[in-house]
Amino acid sequence: MVNAKINGKAIQVDKGTSILKAAEMAGYKIPTLCYLEEINEIGACRVCLVEIEGKKNLVAACNNVVEEGMSILTNSPKVQSARKTNVELILSQHDYRCATCVRNGNCNLQDLAKDLNIIEIPYETEIEYQPWDHSFPLIRDAAKCIKCMRCVQVCDKIQGMNIWDIVNTGKRTSVSTVGMQRIEEMDCAICGQCITHCPTGALRERNDTERVMKAIMDPEQIVIVQIAPAVRAAWGESFGLSREEASVGKMVAAARQIGFDYIFDTDFSADLTIMEEGNELLERVAQGKEAKMPMFTSCCPGWVRFVKTQYPQYIDHLSTAKSPQQMFGAVAKTYYAKTLGVTPDQIFCVSVMPCTAKKYECDVPQVNDSGADKDVDVALTTREFVRMMRAAQVNIATLEEEEFDEPLGLGTGAGVIFGVTGGVMEAALRSAVYFATGKNPGADDFTIVRGEDGIREATAEIAGTKVRAAIVSGLGNARKLMERLERGEVQYDFVEVMACPGGCAGGGGQPIHDGEELACERGQRLYALDATSQLRFSHENPAIVQIYDRFLEKPLSHKAHELLHTRQAEWDIR
Ligand code: SF4
Ligand code: SF4
Ligand code: SF4
Ligand code: FES
C-alpha cells in the first residue's frame, strides 16, 4: 500500500494504482480523452494532467502511478489552464462542426470543450484531410481524428486485425490504415469495434438512412423492416430508458411511426437458421470422417470475412446456412411476396442490426437468391435506427406498446438469444435434441454454454452422442482458437464464433457509451426475454412450422438449399 494525498485528502491505495484510479476512488473526477482502461493507456492527449506538489512539470494521471507521500492536485489553476490549452490545441486541428457530426451530443471532446469553457480557439486551425471511399460500410474522417490511437489498439489488441497504424512522422504524424492502403483492399472484418471505441466522429458507419426514407416516401414500394434480437436490448439506451422501460413493444411502435409498412422480427429467421443449421450439424455428424468438422457457425459476417481472409483452408467448415438477416430477405421476397400477391421487387427490405458488417453482407451476390435485385436492400445499425426515430420526432415518453406483424414477426426465446455469445449454440442444441430424438430437452438444459469468457468449451449430449462445443467472441480470441485447431491441440464438433466481444449485444453498430462495455448487461436482458418467452424452441415457432408446410417442405430440402444456403467456397470477400 502507498499513502498519499489528493486535493489535501489522505488516501491509501495499492501499489501500482494510477493517479486517475486513485482520484476516482477518492471522489475526484479527472477528465480523460485518449484513455481506455487496459486498452489504451499511452498518455497521448494530455487532458488528464495533474499537478504533483513540489514538481515543476504536470503529469498525466492515466499513465502515472501514485507514489508514497505524493500530494496531488487534480484541479489547480495551473492544471486547469494547461488542460484548456491542450484541448484548444486539439480543436485547432479538428473539424469541429458539431451540428452535422454523428457524435453530436455523445462526444467526449465536445463535452470537454463545454466543461473547460472553450468558446473560441486562439490558435491557427490546420485540419488534415485524407481520401476515403464513402461507399465502404466503415467511414473514416481524418478531419475529426484526434490521434488518440484507440482504434489502433482495439483493432490490434482485441480484434487482432492490425488495420490501423501511425503514419508519417514529426508534425505530420497521423493515424490511418497500415501503409495507407485502401480499406476496401484490406482484410478489415468490418466489425465496427474501432467505431464504438473512437471518442469522436472520426469513425462511423456509412449513413444509409436517406435510402430508407426515400423508399418509405415511394408509394410504389412496400417497405418492410426486420429487427435483430440484440437491437431490443440496446435501443433505449440512447433515450436514457432502463432496459425494462425500453420494451420490445415500444421499439415496434417507434418503427411503425418512422413509416415502415410491416415490422418483422429477425428472431423468426434466427429460428429458421436453427432449423437449417441444426440439421446440417446432425448431417455432418452422421457423415463421420467424410465431413468437414468442426462445423463453424456462419451467422456473423465479421467472422465469415475473418475465415475467408485469415484461414481460407477452413472455409468448408463454415455452415452453408446463410445468416438470419439474409434468410429473412430471401423468404420475405419469395414466400411473403407471394402471400401479399406482389413481385419481389415491389418489396423494399430493411434490416436493423447491431452490426456494421451486415451492411457489407447484404451486398454479397452469393447470399442473394430471391430473384430481386437484393434480398435485403439496406442494413441499418441500431444507431441509425435511433437517428431515424429522432428524425421522425417519435415521442418516446408516450409510446404505447405494439405487436410485430405476422407471420415473419413471430419468434421464440431461442431466436432472441442469437444476440448474445453462446446463444446460437444454445438454441441449436435445444432443437438438435428434438431433431435427433423427437423429444424436447429442458429449455435450460444447455446453459453451460453461457458465460463471459472470450473462449469457452462445453460438451453436450444429443441422443447419446457427445458434441464437443466451443464458443468464442472477439476476433482476437477467434485467432487463438484457430491456432489451437491448426496445431491439433483441440478437437470440436461445433464452434460458434461472433466477431464482437460479448456477441451481437456488444456489436459495432450498437449505441456508444464512451469507456463502458455493455455487452454483458445487454446479453442478460436477452436471456431474461428468453426465460419469459412462451416458446423457447425454434422448431415450435408456428410461423416456422407453417413455412415448411407451405413453402420449404423440410429443412435442407432443395428449396431450402436454393434460398437459405450458400456455397461458402465459391466466393471471397472482395
Ligand atoms: S467529434 Fe465531437 S467535437 Fe468533433 S465535431 Fe463531432 S461532436 Fe463536435
Ligand atoms: S480515428 Fe478515432 S480512435 Fe482512431 S485515432 Fe482518430 S480519434 Fe482516435
Ligand atoms: S472494423 Fe474491426 S477489423 Fe476493421 S478496422 Fe475496425 S476494429 Fe479493425
Ligand atoms: S487521458 Fe490521459 S493522456 Fe489522454
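None of the values given here were measured: they were computed from a predicted structure.

Cut-off values and rules
- Residues numbered from 1 in each chain as written.
- Chains lettered and ligands numbered in written order.
- Predicted model: local features only at pLDDT ≥ 70, side-chain atom pairs only at ≥ 80, totals over all residues.
- Heavy atoms only, no water.
- Near = heavy atom within 4 Å.
- Nonpolar A, V, L, I, M, F, W, Y, C, P; charged D, E, K, R; others polar.
- Helix = DSSP H or I, 4+ residues; strand = E, 2+ residues; numbered from the N terminus.
- Expected span 1.5 Å × (residues − 1).
- Buried < 20%, exposed > 50% of the residue type's maximum accessible area, 1.4 Å probe, protein only.
- Contact = heavy atoms within 4.5 Å.
- Axes fitted to C-alpha atoms, helices over the stretch in contact; angles between N-to-C directions.
- Parallel < 35°, antiparallel > 145°, perpendicular 65-115°, else oblique.
- Left-handed = near helix turned anticlockwise from the far one by under 90°.
- Salt bridge = Lys/Arg side-chain N within 4 Å of Asp/Glu carboxyl O.
- Patch = residues over 30% accessible without salt bridge, like charges linked within 9 Å, V, L, I, M, F, W, Y side chains within 5 Å.
- Areas by Shrake-Rupley, 256 points an atom, 1.4 Å probe, with all protein chains shown as cover.
- Lys, Arg positive; Asp, Glu negative; His and termini not counted.
- Charge placed at Lys NZ, Arg CZ, Asp CG, Glu CD.
- Domains from an automatic or database assignment.
- Buried area = accessible area lost by both parts, 1.4 Å probe.
- Polar contact = N/O pair within 3.5 Å; in protein donor to acceptor, adjacent residues only side chain to side chain.

Notes on the site of ligand 1
Step number 1: Looking at ligand 1, there are 13 residues lining it, with His-94, Cys-98, Cys-101, Cys-107 and Gly-201 nearest.
Step number 2: Split into classes, the residues belonging to the shell around ligand 1 amount to 4 nonpolar, 5 polar and 4 charged.

Focus on helix α15 (residues 475-486)
An α-helix turns once every 3.6 residues. As a result, residues three or four positions apart point the same way.
Step number 1: Between its terminal C-alpha atoms α15 stretches 16 Å, which fits the 16 Å expected from 12 residues at 1.5 Å a residue.
Step number 2: Taken as a whole, α15 has its buried residues at Leu-475, Gly-476, Asn-477, Ala-478, Leu-481, Met-482 and Leu-485.
Step number 3: Turning to α15, the residues buried within the fold contact α4 (150-158), β12 (295-296), α9 (301-310), β15 (455-462), β16 (465-473) and β17 (494-498).

Quick look at the packing of helix α2 (residues 77-92) against helix α3 (residues 108-115)
Step number 1: Following both chains from N to C, one finds α2 and α3 inclined at 130°, their axes separated by 10 Å at the closest point. Accordingly, the angle class assigned to the pair α2 and α3 is oblique. Seen from above, α2 lies across α3 with left-handed handedness. Contact residues: Val-87, Ile-90 and Leu-91 in α2; Leu-109, Leu-112 and Ala-113 in α3.
Step number 2: Of the residues contributing to the contact of α2 with α3, the split by class is 6 nonpolar, no polar and no charged.

Looking at the pattern of salt bridges
Step number 1: A full pass over the atoms with the stated rule returns 36 salt bridges.
Step number 2: With a closest N to O distance of 2.8 Å, Asp-208 and Lys-359 form a salt bridge. Linking Asp-208 in the loop between β9 (203-205) and α6 (209-217) with Lys-359 in helix α11 (residues 357-361), this pair joins segments that are 151 residues apart in sequence.
Step number 3: With a relative accessible area of 1%, Lys-359 lands in the buried category.

What to know about the environment of Leu-340
Step number 1: In this structure, Leu-340 sits in helix α10 (residues 324-340).
Step number 2: What makes Leu-340 partly exposed here is its relative accessible area of 29%.
Step number 3: Beyond its immediate chain neighbours, meaning those up to four positions away, Leu-340 contacts Ile-222, Tyr-262 and Ile-347.

Description of a negative patch on the surface
Step number 1: A cluster of like negative charges, contributed by Glu-400, Glu-401, Glu-403 and Glu-406, occupies part of the molecular surface.
Step number 2: In this structure, Glu-403 sits in the loop between α12 (382-391) and α13 (413-416).
Step number 3: Taking the relative accessible area as the measure of exposure, Glu-403 reaches 65% and is therefore exposed.

What to know about the domain arrangement of the protein chain
Step number 1: As assigned here, the protein chain comprises domain 1 (2-92), domain 2 (128-205) and domain 3 (210-570).
Step number 2: Summarising the inter-unit geometry, the C-alpha centres of domain 2 and domain 3 are found 28 Å apart.
Step number 3: With 20 residues of domain 2 at the contact, the number on the domain 3 side is 27 residues.
Step number 4: Taken over both partners, the interface formed by domain 2 and domain 3 buries close to 1800 Å², and the fraction arising from carbon and sulfur atoms is 51%.
Step number 5: Linking domain 2 to domain 3 there are 2 salt bridges.
Step number 6: The partner of Arg-150 in a salt bridge is Asp-514, with the nearest N and O atoms 2.9 Å apart.
Step number 7: Applying the counting rule to domain 2 against domain 3 returns 17 residue pairs in polar contact (both at pLDDT 80 or more).
Step number 8: Breaking the side of domain 2 that touches domain 3 down by element, the ones donating at least two residues are α4 and α5 (193-196).

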